[in-house]
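Coordinate inspection notes
This is what each chain is made of:
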Amino acid sequence: MNIEFYKQSNYIRIFFMKNMKLLSVPELRERCPLKWGNNIPKNGISLGVADIDFEGPIGVIDYLKGNLKESFNFYQNQSGLKSAINTAEKYLNNKGINCNQENIQVIDGTMMGIYISMKWASRINGDILSLGPIYDPIWRHAEDNGNKIRWLGLKEDGIDEEKLLNIIEEQKIKMITICNPVNPTGYSFREEELKFLADVIYDNELFVFSDELYEPLCFGSEHISMGSFDKIRDRSILLYGFSKAYGLAGYRSGFMHIGPDIENIKYISSQQMVSPSPISSLIINYALNEVDAKKWVTEFREHCKNITEFAFNYFNDSGFKLQKPDSNFFVFPDLKIDDIAFTEFLLKKYGVQVVPGSTFGPDGKNHIRINCGTSEKRLEDAFERIMKAIDEFNNVKK
């Protein structure tokens, strides 16, 4: 059992971690090179790449060893292993998404699903409306495949319905893209907002792409999927994965719910992967069926609630505006600063890596995304450096 014990502001917190192990920085440098690589200085702190500082759920190695087969030396079914498709179908049906096995496509990581979806969208006339800020590979893959992006910034309380309707009326929109929950702000769309979107999509014969990767980490209210509205289920592409909420990023496992044009979207998938790795399918079965994985994600969700509350209060009390998260492990404060120049300065001078907000589209300008998937003690150290960096950066610019 891990215990964190230290003073935070004016009170003491004790966290008992039954299923999660916080890794030391030397361990992270060895195991997590993408986040904690050589670009992070010796005494630095990485809050950039959306990996976490905790060891994943126990038992995953034994599970994989026990389920590997020699037949996996060969290509498997194009949509994934039958067992994983059954697991994913059951999971979606339990979320109120009435789907069939033909709707499921196992993918080698959610990035693959984004590319496949945007490649398919490029074959349709019209523009994509992105509700920003939004995970940057969504809009980057869309543009790289020849799609034009129209942007609508989310308000603090969600969708600006009037502006959205005006864009739909004035522009030829074919698809709306969202993250639900939102990466980078931690906002989860409310039921009435999603119902509004569903009505707009149905009335205007649009499609919707919804990245729902962080849905197991909703702690403010129960997650509601765009695919749960039956009238647009066949117009919805939904994305799920196990890199974040389950701490299994390296296995590159996920699955898609494909509502529209199943045959052609799966054809694009086959051209990218031939067939998904059997490991991707095994991770789906492990994460959604095994008790150890379920206990781990339950504890991590509670940690996300505590850690983002701490981070929100820290920046809010320091006078910075930011969305209060009700999911995932990010905060996205508006520093009223050149976010690209500042993040470079912060890493070089103070050894802290974060992501510039402009990465997530025009509505991220002047913000930074902070990955809070670590301990409060590590965050508190980083936050003190960030505050000093802000003061120095602003003084240098004067």
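One can find the structure itself at the top, above this paragraph.
Notes on the structure in this doc start here. Since we're looking at a predicted model, the values are computed, not measured. (Residues numbered from 1 in each chain as written. Predicted model: local features only at pLDDT ≥ 70, side-chain atom pairs only at ≥ 80, totals over all residues. Heavy atoms only, no water.)

**Structural notes on the pattern of salt bridges**
What counts is decided by this rule: In the sections that follow, a salt bridge refers to a side-chain nitrogen of Lys or Arg positioned within 4 Å of a carboxyl oxygen of Asp or Glu. Helix and strand definitions follow DSSP, with helices as H or I runs of at least four residues and strands as E runs of at least two, each counted in order from the N terminus. Summary of the burial criterion: residues with accessible area below 20% of their type's maximum are buried, those above 50% are exposed, and those between are partly exposed, where the area comes from a 1.4 Å probe applied to protein chains only.
With the rule as written, the count across this model stands at 17 salt bridges. Between Asp 136 and Arg 140 there is a salt bridge whose closest N-O contact spans 3.0 Å. Note that Asp 136 and Arg 140 are positioned in helix 5 (residues 136-144) at a spacing of four residues, about one turn of the helix. Assessed through its relative accessible area of 15%, Asp 136 is described here as buried. Here Arg 140 falls in the partly exposed class, since its relative accessible area comes to 36%. Residue Lys 336 pairs with Asp 334 through a salt bridge whose shortest N-O separation is 3.1 Å. Taking relative accessible area as the criterion, Asp 334 reaches 11% and is therefore assigned buried.

**Regarding the sheet that holds strand 7 (residues 127-132)**
As a reminder, the rule being used: One bridge is not enough; two strands pair if DSSP finds at least two bridges between them. Only the stretch in contact is used when a helix axis is fitted, and all axes are lines through C-alpha atoms; the angle between N-to-C directions ranges over 0 to 180 degrees. Any pair of residues with heavy atoms lying within 4.5 Å of one another is described as a contacting pair.
With respect to topology, seven strands assemble into an open sheet ordered 6-12-11-10-9-7-8, the strand pairing being mixed. Every other strand in the sheet has two partners, leaving strand 6 (104-107) and strand 8 (149-153) as the edge strands with one partner each. In this sheet, adjacent strand axes meet at a mean angle of 20° when their direction is disregarded. Here strand 9 (residues 173-179) runs beside strand 10 (residues 207-211); their pairing, made up of five bridges, is parallel. The residue bridging Ile 178 from the neighbouring strand is Ser 210, located in strand 10. With respect to the sheet, helix 4 (residues 110-121) is in contact with strand 6, strand 7, strand 9, strand 10, strand 11 (236-241) and strand 12 (254-258), its orientation differing from that of strand 11 by roughly 165°. Each of strand 6, strand 11 and strand 12 touches helix 8 (residues 262-273); the most contacted strand, strand 6, lies at about 15° to it.

**Thoughts on the packing of helix 3 (residues 82-94) against helix 9 (residues 278-289)**
Rule in force here: Angle categories: roughly parallel below 35 degrees, roughly antiparallel above 145, roughly perpendicular from 65 to 115, and oblique for all the rest. Should the near helix be turned counterclockwise from the far one by less than a right angle, the crossing is left-handed, whereas a clockwise turn marks it as right-handed. Each residue gets one label: Ala, Val, Leu, Ile, Met, Phe, Trp, Tyr, Cys and Pro are nonpolar, Asp, Glu, Lys and Arg are charged, and the others, such as Gly, are polar.
Interaxial distance between helix 3 and helix 9 falls to 8 Å at its minimum, and their mutual angle equals 40°. By the criterion of interaxial angle, the relationship of helix 3 to helix 9 is oblique. For the pair helix 3 and helix 9, the sense of crossing is left-handed. Across the interface between the two elements, Ser 83, Ala 84, Thr 87 and Tyr 91 from helix 3 touch Ser 281, Ile 284, Asn 285, Leu 288 and Asn 289 from helix 9. Per-class residue counts for the contact of helix 3 with helix 9 are four nonpolar, five polar and no charged.

**Brief notes about helix 7 (residues 191-203)**
Condition: Each helix should span, by expectation, one fewer than its residue count multiplied by 1.5 Å.
With 13 residues, helix 7 should cover 18 Å at 1.5 Å per step; its first-to-last C-alpha distance of 18 Å lies within 8% of that length. Lining the buried residues of helix 7 we find strand 7, helix 6 (161-170), strand 9 and strand 10.

**Some thoughts on the side chain of Thr 308**
Put simply, the rule is: Counting of polar contacts relies on pairs of N or O atoms within 3.5 Å, with two restrictions inside protein: one atom must be capable of donating a hydrogen and the other of accepting it, and residues adjacent in sequence are counted only when both atoms are side-chain atoms.
Tracing the sequence through the fold places Thr 308 in helix 10 (residues 291-317). Its relative accessible area of 2% is what places Thr 308 among the buried residues. Only 3.4 Å separates the side chain of Thr 308 from the backbone oxygen of Lys 305, close enough to count as a polar contact. What Thr 308 contacts, discounting residues up to four positions off in sequence, is Phe 219, Pro 325, Asn 328, Phe 329, Phe 330 and Val 331.

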